[in-house]
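Letter by letter, the chains look like this.
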Amino acid sequence: MAVSSDGCRSLKYPYVAVMLKVADHSGQVKNKSFEMTIPQFQNFYKQFKEIAAIVETV
């Protein structure tokens with residue numbers, strides 16, 4: 001993922017807004033949203049890639 005903006009320099013603390021669709025144990029889908037700093041998002045993305053690699057082996 002890559003993002004660029006001319007206005008990014010004027011932001012004091014840039015962040016990423018994330019919205020996920022999550023199914024609970026009964027199968028009901030709910031929207032979950034949250035914000036992260038750029039380093040938090042990079043770690044989150046890395047963890048999702050690792051999970052995806054594990055799921056592919058099952």
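Residues numbered from 1 in each chain as written. Predicted model: local features only at pLDDT ≥ 70, side-chain atom pairs only at ≥ 80, totals over all residues. Heavy atoms only, no water.

- As annotated in an unreviewed UniProt entry, the protein carries the name COMM domain-containing protein 6 and comes from Chrysochloris asiatica.
- Regarding the protein, the relevant UniProt record gives this comment under Function (unreviewed entry): "Scaffold protein in the commander complex that is essential for endosomal recycling of transmembrane cargos; the commander complex is composed of the CCC subcomplex and the retriever subcomplex. May modulate activity of cullin-RING E3 ubiquitin ligase (CRL) complexes. Down-regulates activation of NF-kappa-B. Inhibits TNF-induced NFKB1 activation."
- Its UniProt record gives the protein the following Sequence similarities (unreviewed entry) comment, quoted word for word: "Belongs to the COMM domain-containing protein 6 family." (UniProt positions renumbered as here; feature names shortened; annotations may be inferred.)

**Things to note about the pairing of strand β2 (residues 29–37)**
Here is step 1: In this structure, strand β1 (residues 15–23) lies alongside β2, joined through nine bridges in antiparallel fashion. Residue pairing for β2: A23 is matched across the bridge by V29.
Here is step 2: Where β1 hands over to β2, the hairpin turn is made up of five residues, of which G27 adopts a positive phi near 95 degrees. (Pairing = 2+ DSSP bridges. Helix = DSSP H or I, 4+ residues; strand = E, 2+ residues; numbered from the N terminus.)

**Observations regarding the nonpolar core**
Generally speaking, a soluble globular protein has its nonpolar side chains buried in company with each other.
Here is step 1: One finds V16, V18, M36, F41 and F44 forming the largest nonpolar core, which totals five residues.
Here is step 2: Excluding its chain neighbours within four sequence positions, the residues that come into contact with V18 are K32, S33, F34, M36 and F41. (Core = buried A, V, L, I, M, F, W, Y, C linked by side-chain atoms within 4.5 Å. Buried < 20%, exposed > 50% of the residue type's maximum accessible area, 1.4 Å probe, protein only. Contact = heavy atoms within 4.5 Å.)

**Considering a nonpolar patch on the surface**
Here is step 1: A cluster of nonpolar residues, F48, I51 and V55, forms a patch on the protein surface that exposes about 290 Å² of accessible area.
Here is step 2: Judged by relative accessible area, I51 falls into the partly exposed class, the value being 49%. (Patch = residues over 30% accessible without salt bridge, like charges linked within 9 Å, V, L, I, M, F, W, Y side chains within 5 Å. Areas by Shrake-Rupley, 256 points an atom, 1.4 Å probe, with all protein chains shown as cover. Salt bridge = Lys/Arg side-chain N within 4 Å of Asp/Glu carboxyl O.)

**As for the packing of aromatic side chains**
Here is step 1: Considering all chains together, one arrives at two aromatic pairs under this definition.
Here is step 2: Each ring, one from F44 and one from F48, has its centre 4.8 Å from the other, and the planes form 45 degrees; the classification is tilted. Of this pair, F44 and F48 both sit in helix α1 (residues 38–57), four residues apart, which is roughly one turn of that helix.
Here is step 3: An aromatic cluster is built from F34, F44 and F48, whose rings are joined through pairwise contacts. (Phe/Tyr/Trp six-rings, centres within 6.5 Å; stacked < 30°, edge-to-face > 60°.)

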